[in-house]
Amino acid sequence: MNLVICLLFLSSQLHSAQSATAPVFELITLGDTGGIEDGNLSAFLLRVISEPHYIALDAGTLVNGINVAQSNKAFKHLPVKIDNTLSSTGNILHHHIKGYLISHGHLDHVAGLLIASPDDNNKPIYALKSVNQTMSDTYFNWQAWANFTDRGLPPLLKKYQVIDLIPQQAMNLKDTQLSVTAFSLSHPGESTAFVIEYKDNMFVYFGDTGPDEVEKQGKLSAIWQYLAKQMQTKTLRGVVIEVSYANQQPDNLLFGHLTPKWLMSELTHFHALLDNKKAFKDMQIVISHMKYSLKNTVDPKVKIKQQLEQLNKLGFNFIIATQGQRIVL
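Residues numbered from 1 in each chain as written. Predicted model: local features only at pLDDT ≥ 70, side-chain atom pairs only at ≥ 80, totals over all residues. Heavy atoms only, no water.

With that settled, consider the overall build of the protein chain. Helix and strand content of the protein chain: nine helices and 16 strands. C-alpha extents for the protein chain along the principal axes are approximately 75 × 50 × 40 Å. Per-residue burial over the protein chain gives 52% buried out of 329 residues. Restricting to contacts in the protein chain with at least 6 residues of sequence separation, those with at least 24 account for 64%. Accessible surface, the protein chain as shown: approximately 15000 Å² in total, 55% of it carbon and sulfur. (Helix = DSSP H or I, 4+ residues; strand = E, 2+ residues; numbered from the N terminus. Buried < 20%, exposed > 50% of the residue type's maximum accessible area, 1.4 Å probe, protein only. Contact = heavy atoms within 4.5 Å. Areas by Shrake-Rupley, 256 points an atom, 1.4 Å probe, with all protein chains shown as cover.)

What follows is the structure, encoded as structure tokens:
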């Protein structure tokens, strides 16, 4: 009898270990750069693997990003809804992207959404109140662009339902199994980090942000403390965070962005808050928003990757975002 109990216990432990390491989220990179490379600007899709519905994390590039991802077979595991009235790209945009989380109103984070809006279908746009106001004042104003939303200058086309997120208050994301908690970030014009949760699993997407030591606002520290507390009972599967410049960029010219040394400083702070350091072992840190350069020098991505590797004394799992890639977390 004792042997049976022992075998049942070992079986349950093995099942728990397998469940803990099995992927929960799928992340598709629609755009990986910041700045000037039109057609490849900040945008990701995230879904729970068990459902076919994505939430878009920023939308600097949308249709072109979907096309590149399809050519790379990034959607091969997606049970696609067949709508013969639409192209394969249209199917994904209309039937599988269920809303947008917009971190801030800078054009390299919203251009894809704006350009696609005439042929998009109805869905919500989630953002902090200040970000939604920027979108309304700057773009959906019948001067820069038609007002496809349900607020602002009439006539209201009401294709997009604008939803204000309250900082540090969870909200369910419509037509998905996900919830989101928004945190303010330091950047010219308020930016946002989104803590996205599914059951006992978390994922964090950071919009543009400067380091606390430069910005003097403590906003990243607030997020690290929140995550450390949540990680006592939940698993942080992955993070998308920006590194816009190599370490040669002076602090007074960061304009609310990170370099490898500043990212490592922030992650070291986060690491120090956790009692269970093993929590970082399987967590994937996706590096995004590397600024495209016209200068005839070393590719900024190559330089940033090298500098991260040189500074990575704590063994973080870095992935350099590449347009069209699929990552499971």
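Once the structure has been displayed, the description carries forward.
This part takes up the sheet that holds strand 5 (residues 97-101). Strand order in the open sheet formed by seven strands is 7-6-5-4-3-1-16, with mixed pairing between adjacent strands. The sheet is open, and its two edges are formed by strand 7 (160-165) and strand 16 (326-328), each paired on a single side. Looking at each pair of strands side by side, their axes are set apart by 25° on average, direction ignored. Sheet topology places strand 3 (residues 43-48) next to strand 4 (residues 54-59); four bridges connect them, and they run antiparallel. Within the sheet, the bridge partner assigned to Leu 46 lies in strand 4 and is Ile 55. Most of the contacts of helix 3 (residues 88-96) go to strand 5, to which it runs at about 70°, and overall it touches strand 4, strand 5 and strand 6 (123-128). Each of strand 4, strand 5, strand 6 and strand 7 is contacted by helix 4 (residues 107-116), which is oriented at about 125° to strand 4, the strand it contacts most. (Pairing = 2+ DSSP bridges. Axes fitted to C-alpha atoms, helices over the stretch in contact; angles between N-to-C directions.)

The next point concerns the confidence of the model for the protein chain. Averaged over the protein chain, the pLDDT score is 93; the fraction of residues at 70 or greater is 94%. For residues 3-19, every residue scores under 50 in pLDDT, and the model assigns this stretch one contact once sequence neighbours within four places are set aside. (pLDDT = per-residue confidence, 0-100.)

With that out of the way, let us pick up the packing of helix 2 (residues 63-71) against helix 3. Packing of helix 2 against helix 3 brings their axes to within 10 Å, and their N-to-C directions diverge by 120°. Classified by the interaxial angle, the pair formed by helix 2 and helix 3 is oblique. The way helix 2 lies across helix 3 gives a crossing that is right-handed. Contacts from Val 63, Ile 66, Asn 67 and Gln 70 of helix 2 reach helix 3 at Ser 88, Thr 89, Ile 92 and Leu 93. Residues belonging to the contact of helix 2 with helix 3 are distributed by class as follows: four nonpolar, four polar and no charged. (Parallel < 35°, antiparallel > 145°, perpendicular 65-115°, else oblique. Left-handed = near helix turned anticlockwise from the far one by under 90°. Nonpolar A, V, L, I, M, F, W, Y, C, P; charged D, E, K, R; others polar.)

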